[in-house]
Structures are given as structure tokens and as C-alpha cells.
Amino acid sequence: MNSNSNNSEEIYNQYKLLVYNVALNYLQNIEDAEEITQDVFVQVFQSMDKFKAQSSIKTWIYRITINKCLDYIKYKNSKKRFFIFGRKSDSGLQNVSNFEHPGIAMEQKEDAKLLFEVINELTENQKTAFLLSKLDMLSNPEIAEIMNLSISAIESLLFRAKSTLKDKLSRKFENYRKK
């Protein structure tokens, strides 16, 4: 029993920052990222016996984190949509648009917010590939393993994500400058 709890503590200490950073990059909200981090480790420890060592534990934890983030975004969006239709706003929902990312300097907040707005408009797969590549600095083979796709599929997702971002950002910055 004791070796198992030591193992759990080791896993938590080794991966908590990775999980938190991935969640923060997906959600751009400190409280949400903390909540997801807790949820991920609850699932990791509950599913430890189901973990098949076909992939590394790191890959497995990345997958759980990404799935939790995507589910959370869907949940938040459905709640937001529900409140748009004539229900009075729930104060907990104001948090959705709060852009919080401690890794970004105050004077860059506006630009970063604009960038993340556009990143958040990418398809799920493009967003995942882009975040893992550009913010987590993972290689295409690592991303392919995490996303369970071929390396050429990852290359294609990244190419499309970059061209979409370039296009949308140039339009956003034009509008931004006109203000």
C-alpha cells in the first residue's frame, strides 16, 4: 500500500507543472487550470491499474489533460450558450472571458489575449497540435504519439493551424489598429 502512495506522490510531483501549464494554455484562466490539474490527478490515480505501458506515463498524462481541457471547454461553452438565451447571467460565468496567464508580462497582455482568442478559434486538433508544438515545445513524433495520429497528420495540422492563425491575426490586428 505504502509503495503505491509513494509512487502516486512521485508522479504528482513530476507531472503537476506539466499538467497545470497545459491546462493554462488551453483555458487561459488560473482557477480553471488549477481545477483541471486536480481532476487530472484524481483520474490518473483512479486509473493507475488500467494504465498499459504501451505508451509512456507522460504521454498518458498528456492525453488525460487534453481530454479534460476539451471537455471543460465544451461544458463552459454549453453553459454560456444556455445563459445567452434569456436566462439571467450567472456571476460564475463572468470568469470565462477573464484572460489570466501568469507567464505573460502585463504590457503584452493585450497582444496575448488577441493571440489566444484566435488560437481558441482553431479546430480541436489544430489547437492541440499547435499548443503542444509551440508552447510545450514537443517534437512532431511526440505530438503524434500523444494525439494518436501519424507524423504527417501532425505536420498537416500544424501547417493549417499556422496559416489560419496568420490569416486571422492579420485581420484582427488591422481591426485593432483602426480603433
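Each value, and the rule that gives it
For every chain, the first residue of the written sequence is number 1, and numbering continues from 1 along that sequence. Only residues with pLDDT of at least 70 are given local features in this predicted model, and only at 80 or more are side-chain atom pairs given and counted; all residues enter the totals for whole chains, interfaces and linings. To get the side-chain values, all heavy atoms of the structure are used, and hydrogens and water are removed first. By convention, a stacked pair of Phe, Tyr or Trp rings (six-membered ring in the case of Trp) has centres within 6.5 Å and planes under 30 degrees apart, an edge-to-face pair has planes over 60 apart, and any other such pair is tilted. Each helix is a run of H or I in the DSSP string that is no shorter than four residues. Each strand is a run of E no shorter than two, and both are numbered from the N terminus. Exposed residues in this analysis have more than 50% of their type's maximum accessible area, buried residues have under 20%, and partly exposed residues fall in between, with area computed by a 1.4 Å probe over protein chains only. Joining through side-chain atoms within 4.5 Å is the link that ties buried Ala, Val, Leu, Ile, Met, Phe, Trp, Tyr and Cys residues into a set, and such a set is a nonpolar core. In this description, contact between two residues means that some pair of their heavy atoms is separated by no more than 4.5 Å.

Q: Outline the packing of aromatic side chains, supporting the account with residue identities and numerical values.
A: Under the criterion given, the structure shown has three aromatic pairs. When the ring of Y12 is compared with that of F41, the centres are 4.9 Å apart and the planes differ by 75°; the resulting orientation is edge-to-face. Note that Y12 is positioned in helix α1 (residues 2-27) and F41 in helix α2 (residues 30-46), a separation of 29 residues in sequence. Ring geometry for Y72 against Y75: centres 6.4 Å apart, planes inclined by 45°, an arrangement best described as tilted. With Y72 and Y75 both in helix α3 (residues 57-84), this residue pair falls three residues apart, about one helical turn. Note on Y75: relative accessible area 45%, which makes it partly exposed.

Q: Could you give me a rundown of unusual backbone geometry, with the residues and numbers involved?
A: Both trends apply: most residues other than glycine have a negative phi, and most peptide bonds are in trans. One non-glycine residue, M137, lies in positive phi territory at about 60°. With respect to the helices, strands and loops of the structure, M137 is situated in the loop between α5 (124-135) and α6 (140-147). Located in the positive-phi region is N148, a residue other than glycine, with phi close to 60°. Looking at the secondary structure, you find N148 in the loop between α6 and α7 (151-178).

Q: Summarise the nonpolar core; cite the residues concerned and give the values.
A: In terms of nonpolar packing, the biggest core is built from 43 residues, with Y26 and L132 touching the most fellow members. When contributions to this core are tallied by element, the ones reaching two or more residues are α1, α2, α3, α4 (109-119), α5, α6 and α7. Among the elements that make up this core, the one with the highest residue count is α1 (ten residues). Those residues within four positions of Y26 in sequence are excluded, and the remaining contacts are I66, C69, L70, I73, N120, K127, T128 and L131.

As far as function goes, none of this settles anything; it's purely spatial.
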